[in-house]
Amino acid sequence: MQSTPSSSTTATPPPHASASAIMPFGKYKGSPLSDLPPDYLLWVSLLPDLRQPLLGAILKEMGRRIVELDQPAQHEREAVEK
């Protein structure tokens, strides 16, 4: 008979845990990815031996920043169109 894990034994990350992963190594070890300089994120993302889930978290953070940068531009475009 197979047993299924009960909800009390299944670890559930806090809601904010996915908001920013923590850098596990290097100069910024222990820092949230959201606090790292963009040039460092780019450099780390290009490391040939970088694996998931860190690679995905870094790419997600870089994408989040790009969207953030575009927000004011989108607002300005909408204002001009009116």
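Residues numbered from 1 in each chain as written. Predicted model: local features only at pLDDT ≥ 70, side-chain atom pairs only at ≥ 80, totals over all residues. Heavy atoms only, no water.

K.L.:
Help me understand the overall build of the chain, please; the structure alone is not making it clear to me.
P.N.:
Broken down by element type, the chain carries 2 helices and 0 strands. Within the chain, the fraction of its 82 residues that count as buried is 16%. Of all intrachain contacts in the chain linking residues separated by at least 6 positions in sequence, the fraction that spans at least 24 positions is 32%. Counting only carbon and sulfur atoms, one obtains 62% of the accessible surface of the chain, whose full area is about 6700 Å². (Helix = DSSP H or I, 4+ residues; strand = E, 2+ residues; numbered from the N terminus. Buried < 20%, exposed > 50% of the residue type's maximum accessible area, 1.4 Å probe, protein only. Contact = heavy atoms within 4.5 Å. Areas by Shrake-Rupley, 256 points an atom, 1.4 Å probe, with all protein chains shown as cover.)

K.L.:
What is the right way to look at the packing of aromatic side chains in this model?
P.N.:
Where two aromatic rings form a pair, the distance of their centres and the angle of their planes describe that pair. Counted under the stated rule, the structure contains 2 aromatic pairs. An angle of 70° between the planes, with centres 4.7 Å apart, marks the rings of Y28 and Y40 as edge-to-face. Separated by 12 residues along the polypeptide, Y28 in the segment before helix 1 (38–45) and Y40 in helix 1 bring together distant segments of the chain. Given the relative accessible area of 12%, Y40 is considered buried. Taking 5.7 Å as the distance between ring centres and 40° as the angle between the ring planes, the aromatic pair formed by Y40 and W43 counts as tilted. Of this pair, Y40 and W43 both sit in helix 1, 3 residues apart, which is roughly one turn of that helix. Through a chain of ring-to-ring contacts, three or more aromatic side chains come together here, namely Y28, Y40 and W43. (Phe/Tyr/Trp six-rings, centres within 6.5 Å; stacked < 30°, edge-to-face > 60°.)

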